[in-house]
Amino acid sequence: MSLETWLAYTLACVVLTIIPGPSVMLVVGQTLMRGKTAAVMCILGDVVGSIVLTGLSFAGVGAILAASTVLFQIVKWTGVVYLAWLGYSQIREAHRDSVSLEPDVRTGSAWGSFWAGTLTAIFNPKAIVFYMAFLAQFIDPAADMTVQLVVLTLTSSVVVMVLLAGYALIAARARKLFQTRLARRRMGYAGGGFMIGGSALMAVTR
């Protein structure tokens, strides 16, 4: 892989990741509701999910989803419902005023954020099809496929981590500005709203 091809791929990843989507909405929501630890775990989960998607795409799942409308819709709406449920759960938790302003969350909650990030990434069939079509544009069939896939996967993972971390930091700064009980509740509503917005975005994307 040439340096020019790698730079073009990196730039494309930056542009595609920086546009708010379900993963961005989820990370912002988790940051507002649970803090930095939950955001970090959510980002790590999203990266793991993206790596899984890359493997599935090149295993041919992307082609299957692209060819089967029914299967595509099943995977898509599973993701839509799951993300909407996360948003509803967060709003319900905020309504009960059980939001904590501690910088860290419980271990169980942290792992819950990790799995939320992972599953949100995986249950996005558009991403599977996209990865299959997108990565193919930057692969040289005559070169070592394994090396290229490793380089491209690592590059996209780093880009996703950095940009999602940027969104999380912005949300964390906003969280620090509101320390009253009413503000905590509103942050919970906002976080849940971001997740439901991500679910709606996933639902209307064809």
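Just above, that's the structure.
Keep in mind that this is a model prediction, so the values were computed, not measured.

In terms of helices and strands, the protein carries 9 helices and 0 strands. Secondary structure elements of the protein occur, N-terminal to C-terminal, as α-α-α-α-α-α-α-α-α. Counted over contacts in the protein with a minimum sequence separation of 6, partners at least 24 positions apart contribute 90%. For the protein, the exposed surface amounts to about 10,600 Å²; the carbon and sulfur share of it is 71%.

With that settled, consider a nonpolar patch on the surface. A cluster of nonpolar residues, Leu3, Trp6, Leu7, Val147 and Val151, forms a patch on the protein surface that exposes about 420 Å² of accessible area. Elements that contribute at least two residues to the nonpolar patch include exactly α1 (3–18) and α8 (145–176). It is α1 that provides the largest number of residues to the nonpolar patch, a total of 3 residues. With respect to the element layout, Trp6 can be found in helix α1. You can call Trp6 partly exposed: its relative accessible area is 31%.

Now for the packing of aromatic side chains. A ring pair, where both rings are aromatic, is described by two values, the distance of the centres and the angle of the planes. According to the stated counting rule, one finds 2 aromatic pairs in the structure shown. Each ring, one from Trp111 and one from Phe114, has its centre 5.3 Å from the other, and the planes form 75°; the classification is edge-to-face. Taken together, the residues span about one helical turn, with Trp111 and Phe114 both in helix α6 (residues 107–122) at a distance of 3 residues. Trp111 gets classed as partly exposed once you look at its relative accessible area, which sits at 44%. Ring geometry for Phe114 versus Trp115: centroids 5.2 Å apart, planes at 80°, classification edge-to-face. By relative accessible area, Trp115 is classed as partly exposed at 48%. The structure contains a cluster of three or more aromatic residues connected by ring pairs, namely Trp111, Phe114 and Trp115.

Tracing the backbone shows Ser50 in helix α3 (residues 36–58). Ignoring any residue separated from it by four or fewer positions in sequence, one finds Ser50 in contact with Ala121 and Tyr131.

In a regular helix each residue adds 1.5 Å, so 16 residues correspond to 22 Å; α1 covers 22 Å between its end C-alpha atoms and thus fits that length. Residues Tyr9, Thr10, Ala12, Cys13 and Thr17 constitute the buried set of α1. Burial along α1 is one-sided: seen end-on, the buried residues are contained in an arc of 165°. Set apart from the buried face of α1 by more than 90 degrees, the exposed residues are Leu3, Glu4 and Leu11.

Looking now at the packing of helix α2 (residues 22–34) against α3. In contact at an axis separation of 7 Å, α2 and α3 are set at 160° when each is read in the N-to-C sense. Relative to α3, the element α2 is oriented roughly antiparallel. Between α2 and α3 the crossing geometry is right-handed. On the side of α2, the interface is formed by Ser23, Leu26, Val27, Gln30, Thr31 and Arg34, while α3 contributes Lys36, Ala38, Ala39, Cys42, Ile43 and Asp46.

What follows concerns α2. Across its 13 residues, α2 extends 18 Å between first and last C-alpha, which sits within 8% of the 18 Å expected from 1.5 Å per residue. Of all the 13 residues making up α2, 12 are buried; the element is thus mostly covered by neighbouring parts of the structure. All of the buried residues along α2 are Pro22, Ser23, Val24, Met25, Leu26, Val27, Val28, Gly29, Gln30, Thr31, Leu32 and Met33. Where α2 terminates, the next one or two residues include Gly35, which has phi positive at roughly 100°.

Core analysis: the biggest nonpolar cluster contains 17 residues, and Leu26, Val27, Leu86 and Leu164 have the highest contact counts within it. Counting only elements with at least two residues in this core, the list comes to α2, α3, α5 (69–95) and α8. The element contributing the most residues to this core is α2, with 5 residues. Tyr9, Ala127, Tyr131 and Phe138 belong to the second largest nonpolar core, which has 13 residues in total.

Scoring rules and cut-offs
- Residues numbered from 1 in each chain as written.
- Predicted model: local features only at pLDDT ≥ 70, side-chain atom pairs only at ≥ 80, totals over all residues.
- Heavy atoms only, no water.
- Helix = DSSP H or I, 4+ residues; strand = E, 2+ residues; numbered from the N terminus.
- Contact = heavy atoms within 4.5 Å.
- Areas by Shrake-Rupley, 256 points an atom, 1.4 Å probe, with all protein chains shown as cover.
- Patch = residues over 30% accessible without salt bridge, like charges linked within 9 Å, V, L, I, M, F, W, Y side chains within 5 Å.
- Salt bridge = Lys/Arg side-chain N within 4 Å of Asp/Glu carboxyl O.
- Buried < 20%, exposed > 50% of the residue type's maximum accessible area, 1.4 Å probe, protein only.
- Phe/Tyr/Trp six-rings, centres within 6.5 Å; stacked < 30°, edge-to-face > 60°.
- Expected span 1.5 Å × (residues − 1).
- Arc of directions from axis to C-beta.
- Axes fitted to C-alpha atoms, helices over the stretch in contact; angles between N-to-C directions.
- Parallel < 35°, antiparallel > 145°, perpendicular 65-115°, else oblique.
- Left-handed = near helix turned anticlockwise from the far one by under 90°.
- Core = buried A, V, L, I, M, F, W, Y, C linked by side-chain atoms within 4.5 Å.

The quantities given are spatial measurements derived from coordinates; they are silent on function.
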